[in-house]
Amino acid sequence: MPTRRPPLRYDVFVAPEKPFTAPPPRVGDPPAWDPTTATLIFGARDAVLVDSLMTVREATALADWVALHDRRLTMIYITHGHGDHHLGLSVLLARFPPARAVATAGTVALMRTLTAPDTLNPEALNNDRARFPGQIADTIALAEPLGADRFELEGRPLQVIETGHTDTVETTALYVPDLGLICSGDVAYNHCHMYVGPTTAAIRADWIAALDKLAALNPTAVVTGHKDPTQGNPPSVLAESRGYLDYYGQLRAAALPDRELFDAMVSRYPDWVSRQEFLLLGIPGPPPEHGQDALHPGP
Ligand SMILES: [Zn+2]
C-alpha cells in the first residue's frame, strides 16, 4: 500500500563561497563570503521561498532553480536584514510577479536602514557594491511587514520565531511544524565560522538564548543561513553553534590577542569553512560607536 506523501516538502539551494574585493586580511583565508542558503518550502501547487541571496548571479540561478519546482511562488520570507540574504530580492520579484516579499517589521526596518540612501547608514549598501563590483542589483527591493507571527502555505502554518539580537538585531527564524523544519537564518551556522567579530558578552548571551528557543521546538531539521555545502541539515547545528559561541566567549573573556584568538578558533573547528577575519574579528576599521556594530552589514 503506497504511503501518503507529506503535504509539504522542502529543498535547499546553497550559493557557493564567493571572493570579494577587500584589503588582504591579517589572518585567515583571502576575503570570500561564506556559502549562503535559500530554502523552498512547497506543497502540491504553491511554494514559499526563504531568503533571496545577494548578487544578481546568485538570485538569477536561484530563480531558475525555483522555476524547476513547477510551483506557484506565493511568498518570499526574509529572515533578517543583512544584505547577503535579501539584496537579490528584486531579481526574484521580477521573475515571479505574484510573489509577495514579507518580513517582520524589525527586519524591514533594518533592510531599509542598510540599503536606503536617506537613512542612518547610507554607506552600507555602497560597501556591498564595493565588495562585489557590478554584482549587486541596481534596484533594491524591500520586503513588506508581515504584520502577523504566522502565515500559511496550502493551509499549513509557517511560524515566525523572533530571535532578537543574534548576528544582527531583530533576527528571526521560520518554523514549519508539519516538517519539523526550522530555517534559522543566521541564528545558527552549519560547519561554517560564525559572524562573532562584532559581538559583546551581552549579545552572545542573547544569541545563546535564541538558540535555546529554537532547540525547544525540537526540530528534526535546521537549515542555516550559512553552511558547508557538503553537510546535511541536522538539528545538531543548534548545539554546535551554542558551543561555538561559548568557546569564543571564553577566549574573549581571557583577553586573547586577535591573532591568538583566531588561531584558537580555527584549531578548535579545523573542518569548518570560511576562516575569515571579518567573521571572527569583525570588519577592520575604527571601532564603531556604541550600538552601531549591530548595523554593520555583516553575513
Ligand atoms: Zn548572513
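Residues numbered from 1 in each chain as written. Predicted model: local features only at pLDDT ≥ 70, side-chain atom pairs only at ≥ 80, totals over all residues.

S.K.: Hey, could you run me through the overall build of the protein in this one?
M.R.: Counting secondary structure elements, the protein contains 8 helices and 13 strands. The C-alpha atoms of the protein give 18 Å as radius of gyration, which agrees with the globular expectation for 299 residues (19 Å, within 12%). In terms of overall dimensions, the protein has a C-alpha envelope of 60 × 45 × 30 Å along the principal axes. For the protein, with 299 residues in total, the buried portion stands at 45%. (Helix = DSSP H or I, 4+ residues; strand = E, 2+ residues; numbered from the N terminus. Rg over C-alpha atoms; globule rule 2.2 N^0.38 Å. Buried ≥ 20, exposed ≤ 12 C-beta atoms within 10 Å, placed from the backbone.)

S.K.: Mind showing me how you'd approach the environment of Cys192 here?
M.R.: The residue Cys192 is located in the loop between strand 12 (181-185) and helix 5 (201-215) in this model. The spatial distance from the C-alpha of Cys192 to the C-alpha of Pro35 is 8.4 Å, given a sequence separation of 157 residues. Apart from the residues lying within four places of it in its own chain, the contact partners of Cys192 are Asp34, Pro35, His226, Lys227, Asp228, Trp272, Val273 and Ser274. (Contact = placed C-beta atoms within 7 Å.)

S.K.: Looking at this model, I keep getting lost on the environment of Glu154. Mind explaining?
M.R.: Its place among the elements puts Glu154 in the loop between strand 9 (150-153) and strand 10 (156-164). Note on Glu154: 17 C-beta atoms within 10 Å, which makes it partly exposed. The residues contacting Glu154, other than those within four sequence positions of it, are Pro7, Gly43, Ala44, Arg45 and Asp46.

S.K.: Would you mind showing me how to read the confidence of the model for the protein here?
M.R.: Overall, the prediction assigns the protein a mean pLDDT of 92, with 91% of residues at 70 or greater. Counted against residues more than four places away or in other chains, residues 286-296, with its pLDDT under 50, gives 11 contacts. (pLDDT = per-residue confidence, 0-100.)

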